[in-house]
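The lines below spell out each chain.
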Amino acid sequence: NAGVTQTPKFQVLKTGQSMTLQCAQDMNHEYMSWYRQDPGMGLRLIHYSVGAGITDQGEVPNGYNVSRSTTEDFPLRLLSAAPSQTSVYFCASRERLGTGGSYEQYFGPGTRLTVT
Amino acid sequence: EDKVVQSPLSLVVHEGDTVTLNCSYEVTNFRSLLWYKQEKKAPTFLFMLTSSGIEKKSGRLSSILDKKELFSILNITATQTGDSAIYLCAVRHGSSNTGKLIFGQGTTLQVKP
């Protein structure tokens, strides 16, 4: 298993540009989520999905869109990049609650995004 | 407002010292509390705690949860330089189907030789 993969690892955008951060998992996890990590603020939930076709907003959803057309993929789209979106972005996945598993959340390696 | 607060925010110790990291929380519908270690890249899972008073151990690391006082501690004994990392506490709360995680700010631990 590759686990959770994210691309790209690094990205520099100009203000106003749009882009998509890719996330994929091969563990057949139903639950996937996107976080951003900023110094002194820990990880904050942007959007999450409890299964294909179902998404919901997290703590800081503004400026981001997600879709979940398959179980494996959960892309995060920045609509019009702003300097405030400079951050490290982590995608994560886990089993659906109630399956008897450990519910451990597996994280991707992260994408470091700079918006100038 | 749901929140998770970790303390201290940073800590510098010498090898062999014992450290205690704190995590307090205020959330609706608490489900579980998780500890992660983050070195250079993605966080890696350490423990998940759901019941009060039951200590989880893994080598030199241990953790316990107090659901009455709404906090958890992570202990590291005989610290080594490889323990240097950011330690993140997260609380899962909400409905049984979604179980959203709220993270604390993290504690940055530096272990000097």
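Residues numbered from 1 in each chain as written. Chains lettered and ligands numbered in written order. Predicted model: local features only at pLDDT ≥ 70, side-chain atom pairs only at ≥ 80, totals over all residues. Heavy atoms only, no water.

### Here we look at the interface of chain B and chain A
Step number 1: Contacts between the two partners involve 18 residues from chain B and, on the opposite side, 21 residues from chain A.
Step number 2: The tally of links between chain B and chain A comes to zero salt bridges.
Step number 3: Taken together, the links from chain B to chain A amount to one residue pair in polar contact (both at pLDDT 80 or more).
Step number 4: For the side of chain B that touches chain A, the elements supplying multiple residues, two or more each, are β4 (30-38), β5 (44-49), β9 (85-93) and β10 (100-103) of chain B. (Contact = heavy atoms within 4.5 Å. Salt bridge = Lys/Arg side-chain N within 4 Å of Asp/Glu carboxyl O. Polar contact = N/O pair within 3.5 Å; in protein donor to acceptor, adjacent residues only side chain to side chain. Helix = DSSP H or I, 4+ residues; strand = E, 2+ residues; numbered from the N terminus.)

### Quick notes on the side chain of H93(B)
Step number 1: Looking at the secondary structure, you find H93(B) in strand β9.
Step number 2: Among the polar contacts listed, one links the side chain of H93(B) to the backbone oxygen of T28(B), at a separation of 3.4 Å.

### Looking at the packing of aromatic side chains
Step number 1: Applying the stated criterion to the full structure yields ten aromatic pairs over all chains.
Step number 2: Where Y35(A) meets F107(A), the ring centres are 5.9 Å apart and the plane angle is 40°; that geometry is what we call tilted. Highlighted residues: Y35(A) in strand β4 (residues 31-38) and F107(A) in strand β10 (residues 106-107), separated in sequence by 72 residues. When sorted by exposure, Y35(A) lands in the same class as F107(A), which is buried.
Step number 3: Seen from their ring centres, Y35(A) and F103(B) are 5.3 Å apart, and the 85° between their planes marks the pair as edge-to-face. Taken together, the residues span two chains, with Y35(A) in strand β4 and F103(B) in strand β10.
Step number 4: Among the residues examined, Y35(A) registers a relative accessible area of 0% and is labelled buried.
Step number 5: Chaining the aromatic ring pairs together yields one cluster made of Y35(A), F90(A), F107(A), Y36(B), F45(B) and F103(B).
Step number 6: Its end group placed over the ring of Y31(A), R94(A) keeps NZ or CZ at 3.8 Å from the ring centre. (Phe/Tyr/Trp six-rings, centres within 6.5 Å; stacked < 30°, edge-to-face > 60°. Buried < 20%, exposed > 50% of the residue type's maximum accessible area, 1.4 Å probe, protein only. Lys NZ or Arg CZ within 6 Å of the ring centre and 35° of its normal.)

### Some words on the nonpolar core
Step number 1: Formed by 23 residues in total, the largest nonpolar core has its most connected members in Y25(B), L33(B) and W35(B).
Step number 2: Those elements that provide at least two residues to this core are β3 (19-26), β4, β5, β7 (61-66), β8 (71-76), β9 and β11 (107-112) of chain B.
Step number 3: With 18 residues, the next largest nonpolar core counts M19(A), M32(A), W34(A) and F74(A) among its residues. (Core = buried A, V, L, I, M, F, W, Y, C linked by side-chain atoms within 4.5 Å.)

### Quick word on the sheet that holds strand β8 (residues 76-78) of chain A
Residues and elements named next belong to chain A.
Step number 1: One open sheet accounts for four strands, arranged β1-β3-β8-β7; its pairing is antiparallel. Sheet topology places β1 (4-7) and β7 (64-66) at the edges, where each strand pairs with a single neighbour. Shown here is a sheet whose adjacent strand axes are inclined to one another by a mean of 20°, direction ignored.
Step number 2: Relative to strand β3 (residues 19-25), β1 runs antiparallel, the two sharing four bridges. Bridge assignment links T5 to a residue of β3, and that residue is A24. (Pairing = 2+ DSSP bridges. Axes fitted to C-alpha atoms, helices over the stretch in contact; angles between N-to-C directions.)

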